[in-house]
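# Reading the structure
Chain residues, written in single-letter form:
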Amino acid sequence: MEEKVFPMTLEGKKKLEDEIHELKTVKRKEVVERIKIARGFGDLSENSEYDAAKDEQAFVEGRITTLENMVRNAEIIDSSDSANDIVSIGKTITFKELPKGDDETYTIVGSAEANPFKGLISNDSPIAKALLGHKVNEEVSVPTPSGEVNVRIVDIKA
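Just so you know, these numbers come straight off a predicted model, no measurement behind them.

### Some words on the overall build of the protein chain
Helix and strand counts for the protein chain come out as three helices and seven strands. Counting helices and strands in the order they occur from the N terminus, the protein chain gives β-α-α-β-β-β-β-α-β-β. Expressed as lengths along the three principal axes of its C-alpha atoms, the size of the protein chain is roughly 70 × 35 × 30 Å. Taken over 158 residues, the protein chain has a buried fraction of 32%. Excluding contacts between residues fewer than 6 apart, the proportion of contacts in the protein chain whose partners are at least 24 apart in sequence is 49%. The centroid of the 22 positive side-chain charges in the protein chain is displaced by 3 Å from the centroid of its 31 negative side-chain charges.

Here it is in structure tokens:
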């Protein structure tokens, strides 16, 4: 079975590597210490602190595994590799909802580093999928749960 490739910027990969380091060097030790303390409370069958610490340990180990897989299968996207006037992963796009919407600006990134609250949308999102490959001043129809929305691309920055 072929492993999933995770497109991401170099900055996004660095953030994942930093999180792995934090989980392995700080969080893992904290959880082990919590388990050790909870064991001291006695009977483990009715020890909620112990159960919570073990659950957190499972979460931390699972997160480390997930992040390591993403980093191992990262495909670094360099937005300067594609034409400056075409929407692609790694570019910052400004568009306007038609007919009279406000400008909205997002950077299209891989799903591993998406964070809509910080203006980073996944290349797998409906809006990014619709915009990819288009140019400034093109009108694009974006599928949404409430129906099609038409937008005009105002600006593209690498």
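### Some thoughts on helix α2 (residues 48-72)
The terminal C-alpha atoms of α2, which comprises 25 residues, lie 36 Å apart, in line with the 36 Å expected from a rise of 1.5 Å per residue. In this structure, the buried residues of α2 make contact with β1 (6-8), α1 (10-39) and β2 (74-76).

### Digging into the pairing of strand β7 (residues 147-157)
Across six bridges, the pairing between strand β3 (residues 92-97) and β7 is antiparallel. Within the sheet, the bridge partner assigned to T92 lies in β7 and is K157. In this antiparallel pair of consecutive strands, strand β6 (residues 139-144) and β7, the connection spans two residues.

### Thoughts on the pattern of salt bridges
Inspection of the entire model under this criterion finds 13 salt bridges. Between E19 and R63 there is a salt bridge, with the nearest N and O atoms lying 2.9 Å from each other. One end of the pair, E19, is in helix α1; the other, R63, is in helix α2, with 44 residues separating them in the sequence. The class of R63 is partly exposed, set by a relative accessible area of 29%. Residue K27 is joined to E30 by a salt bridge in which the shortest nitrogen-to-oxygen separation is 3.9 Å. In this pair, K27 and E30 are both assigned in helix α1, three residues apart and thus about one turn of the helix distant. Taking relative accessible area as the criterion, K27 reaches 29% and is therefore assigned partly exposed. With a relative accessible area of 41%, E30 lands in the partly exposed category. Because the salt bridges share partners, they merge into one network encompassing K27, E30, R34 and E56.

### Observations concerning the pairing of β3
In this structure, β3 lies alongside strand β4 (residues 103-109), joined through five bridges in antiparallel fashion. Looking at β4, one finds that T92 is bridged to T107.

### Comments concerning the packing of aromatic side chains
Taken as a whole and judged by the stated rule, the model has one aromatic pair. On the numbers, 6.0 Å between centres and 25° between planes, the contact of F95 with Y106 is stacked. Here F95 is found in strand β3, whereas its partner Y106 is found in strand β4, with 11 residues between them in sequence.

### A look at unusual backbone geometry
For the bond running from L98 to P99, omega is 10°, close enough to zero to count as cis. Within the element layout of this structure, P99 appears in the loop between β3 and β4. One non-glycine residue, N137, lies in positive phi territory at about 75°. Assignment of secondary structure puts N137 in the loop between α3 (126-131) and β6. Here N137 falls in the exposed class, since its relative accessible area comes to 56%.

Calculation criteria
- Residues numbered from 1 in each chain as written.
- Predicted model: local features only at pLDDT ≥ 70, side-chain atom pairs only at ≥ 80, totals over all residues.
- Heavy atoms only, no water.
- Helix = DSSP H or I, 4+ residues; strand = E, 2+ residues; numbered from the N terminus.
- Buried < 20%, exposed > 50% of the residue type's maximum accessible area, 1.4 Å probe, protein only.
- Contact = heavy atoms within 4.5 Å.
- Lys, Arg positive; Asp, Glu negative; His and termini not counted.
- Charge placed at Lys NZ, Arg CZ, Asp CG, Glu CD.
- Expected span 1.5 Å × (residues − 1).
- Pairing = 2+ DSSP bridges.
- Salt bridge = Lys/Arg side-chain N within 4 Å of Asp/Glu carboxyl O.
- Phe/Tyr/Trp six-rings, centres within 6.5 Å; stacked < 30°, edge-to-face > 60°.

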